[in-house]
Amino acid sequence: VFSQVFLVEKAGRRSLFLAGLMGMLISAVAMTVGLVLLSQFAWMSYVSMVAIFLFVIFFEVGPGPIPWFIVAELFSQGPRPAAIAVAGFCNWACNFIVGMCFQYIADLCGPYVFAIFAGLLLIFFLFAYFKVPETKGKSFEEIAAVFRRKKLSAKAMTELQDLRRSEEA
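As recorded in an unreviewed UniProt entry, the protein chain goes by GTR2 protein and comes from Pomatorhinus ruficollis. Comment text from UniProt for the protein chain, heading Subcellular location (unreviewed entry), reads "Membrane".

Student: Give me the lowdown on the overall build of the protein chain, citing residues and values where you can.
Tutor: On a plain count of helices and strands, the protein chain comes out with eight helices and zero strands. Reading the helices (α) and strands (β) of the protein chain from amino to carboxyl end gives α-α-α-α-α-α-α-α. Within the span of the protein chain, comprising 169 residues, buried residues form 26% of the whole.

Student: Pulling in residues and values, what's your account of the nonpolar core?
Tutor: Ranked by size, the top nonpolar core spans 15 residues in total, and within it Phe-17, Leu-21, Ile-66, Leu-121 and Ala-128 carry the most contacts. For this core, the elements supplying multiple residues, two or more each, are helix H2 (13-36), helix H4 (66-74) and helix H6 (113-131). In terms of residue count, the dominant contributor to this core is H2 (seven residues). Counting residues in each nonpolar core, the second largest holds five residues, with Met-31, Ala-51, Val-113 and Phe-114 among its members.

Student: I'd like to hear about a nonpolar patch on the surface, residue by residue, with values.
Tutor: Residues Met-49, Val-50, Ile-52, Phe-53, Leu-54, Val-56 and Ile-57 make up a contiguous nonpolar surface patch of roughly 610 Å² in combined accessible area. Its place among the elements puts Phe-53 in helix H3 (residues 44-61).

Student: A description of the UniProt feature "transmembrane region" (unreviewed entry) in the protein chain should follow, citing residues and the corresponding values.
Tutor: Sequence positions flagged by UniProt for "transmembrane region" (unreviewed entry) are, in local numbering, residues 16-37, 43-61, 82-106 and 112-130. Secondary structure across residues 43-61 divides into 95% helix and 0% strand, with the first and last C-alpha atoms of the span separated by 28 Å.

Student: Tell me about the side chain of Arg-13, residues and numbers included.
Tutor: Here Arg-13 shows up in helix H2. Here Arg-13 falls in the buried class, since its relative accessible area comes to 3%. For Arg-13, the residues in contact, after removing those within four places along its chain, are Val-8, Ile-66, Phe-69, Ile-70, Glu-73, Glu-134, Thr-135 and Lys-136.

Student: Account for the packing of aromatic side chains, with residues named and values stated.
Tutor: All told, the structure shown has six aromatic pairs when counted by the stated rule. Ring geometry for Phe-114 against Phe-117: centres 5.9 Å apart, planes inclined by 35 degrees, an arrangement best described as tilted. Here Phe-117 and Phe-114 lie together in helix H6, a separation of three residues that amounts to about one turn. Taking the relative accessible area as the measure of exposure, Phe-114 reaches 19% and is therefore buried. By relative accessible area, Phe-117 is classed as partly exposed at 23%. Aromatic ring contacts, followed pair by pair, group Phe-102, Phe-114 and Phe-117 into a single cluster.

Student: Tell me about the pattern of salt bridges, and name the residues and values.
Tutor: Inspection of every chain in the model, using the stated rule, returns one salt bridge. Between Glu-73 and Arg-13 there is a salt bridge, with its nearest N and O atoms 2.9 Å apart. Highlighted residues: Glu-73 in helix H4 and Arg-13 in helix H2, separated in sequence by 60 residues. With respect to class, Glu-73 is no different from Arg-13; both count as buried.

Student: I'd like a description of the packing of H2 against H6, backed by residues and values.
Tutor: Between H2 and H6, the least distance of the axes is 9 Å, while the angle of their chain directions is 160 degrees. With respect to H6, the axis of H2 lies roughly antiparallel. Helix-helix and strand crossings are classified by hand; for H2 and H6 the assignment is left-handed. Contacts between H2 and H6 involve Arg-14, Phe-17, Leu-18, Leu-21, Met-22, Met-24, Leu-25, Ala-28, Val-29, Met-31, Thr-32 and Leu-35 from the first element and Phe-114, Ala-115, Ala-118, Leu-121, Leu-122, Phe-124, Phe-125, Ala-128, Tyr-129 and Phe-130 from the second. Grouping the amino acids of the contact of H2 with H6 by side-chain chemistry returns 20 nonpolar, one polar and one charged.

Parameters at a glance
- Throughout, a residue's number is its position along its own chain's written sequence, starting from 1.
- A pLDDT threshold of at least 70 governs which residues receive local features in this predicted model, and a stricter bar of 80 or more applies before side-chain atom pairs are shown or counted, although totals over entire chains, interfaces and linings include all residues.
- Only heavy atoms go into the side-chain values, all of them from the structure, while hydrogens and water stay out.
- UniProt positions are given in the numbering used here, feature names are shortened, and annotations may be inferred rather than shown by experiment.
- Helix and strand assignments follow DSSP, with helices taken as H or I runs no shorter than four residues and strands as E runs no shorter than two, numbered in order from the N terminus.
- The rule is simple: take the accessible area with a 1.4 Å probe, protein chains only, and divide by the maximum for that residue type; under 20% is buried, over 50% is exposed, in between is partly exposed.
- Only buried residues count toward a nonpolar core. Its members are Ala, Val, Leu, Ile, Met, Phe, Trp, Tyr and Cys residues joined through side-chain atoms within 4.5 Å.
- Here a patch means residues that are over 30% exposed by relative accessible area and free of salt bridges, tied together within 9 Å if like-charged and within 5 Å if nonpolar (Val, Leu, Ile, Met, Phe, Trp, Tyr).
- Surface accessibility follows the Shrake-Rupley procedure with a 1.4 Å probe radius. Residue values consider only the protein chains on display as shielding.
- Salt bridges are counted wherever a side-chain nitrogen of Lys or Arg sits within 4 Å of a carboxyl oxygen of Asp or Glu.
- Whether two residues are in contact is decided by their heavy atoms: any pair within 4.5 Å suffices.
- Within 6.5 Å between ring centres, the rings of Phe, Tyr and Trp (the latter by its six-membered ring) count as paired, and their orientation is classed by plane angle as stacked under 30 degrees, edge-to-face over 60, tilted in between.
- Axis angles are defined between N-to-C directions and span 0 to 180 degrees, where every axis is a line fitted to C-alpha atoms and, for a helix, only to the segment in contact.
- Should an angle fall under 35 degrees it is called roughly parallel, over 145 degrees roughly antiparallel, and 65 to 115 degrees roughly perpendicular, with every other angle called oblique.
- Each crossing gets its hand from how the near helix is turned against the far one by less than a right angle, where anticlockwise is left-handed and clockwise is right-handed.
- Charged residues are taken to be Asp, Glu, Lys and Arg, nonpolar residues to be Ala, Val, Leu, Ile, Met, Phe, Trp, Tyr, Cys and Pro, and polar residues to be all remaining types, Gly included.

So, in structure tokens, the structure goes:
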């Protein structure tokens, strides 16, 4: 955990988060391939084991600690405790759901169980790539301005907004 703090400050939150998600995605695909081909090739058990270890390593590099940094930096001082509480609740609720349902999903999907995780990781990667800004070295106001710019660029600019911008310039 302590080494992660230094790594986050050096590499940046967003890049580590994306790298962790992509590594987990590749590991989940490797686990699926390993489980599917296990009956044909005995050495696929080693592929599955390495994929599991890499999955955990990539989780610890990105999606494990980084969301806590980002949540703390996305909110101003007032709503920050509530945001962290909601994020913690969502985190533990999802952990509980996965823990309680995994065996049933594994029985249902067989060796393709990790394909579900790979699909979800792809969705999370795309969301983070397009929606999550880099927060390293930025104040709350700078981060909020990034979201405001994205919101304004996503909407069609009205004539009144265009006039206001020309008056400010």
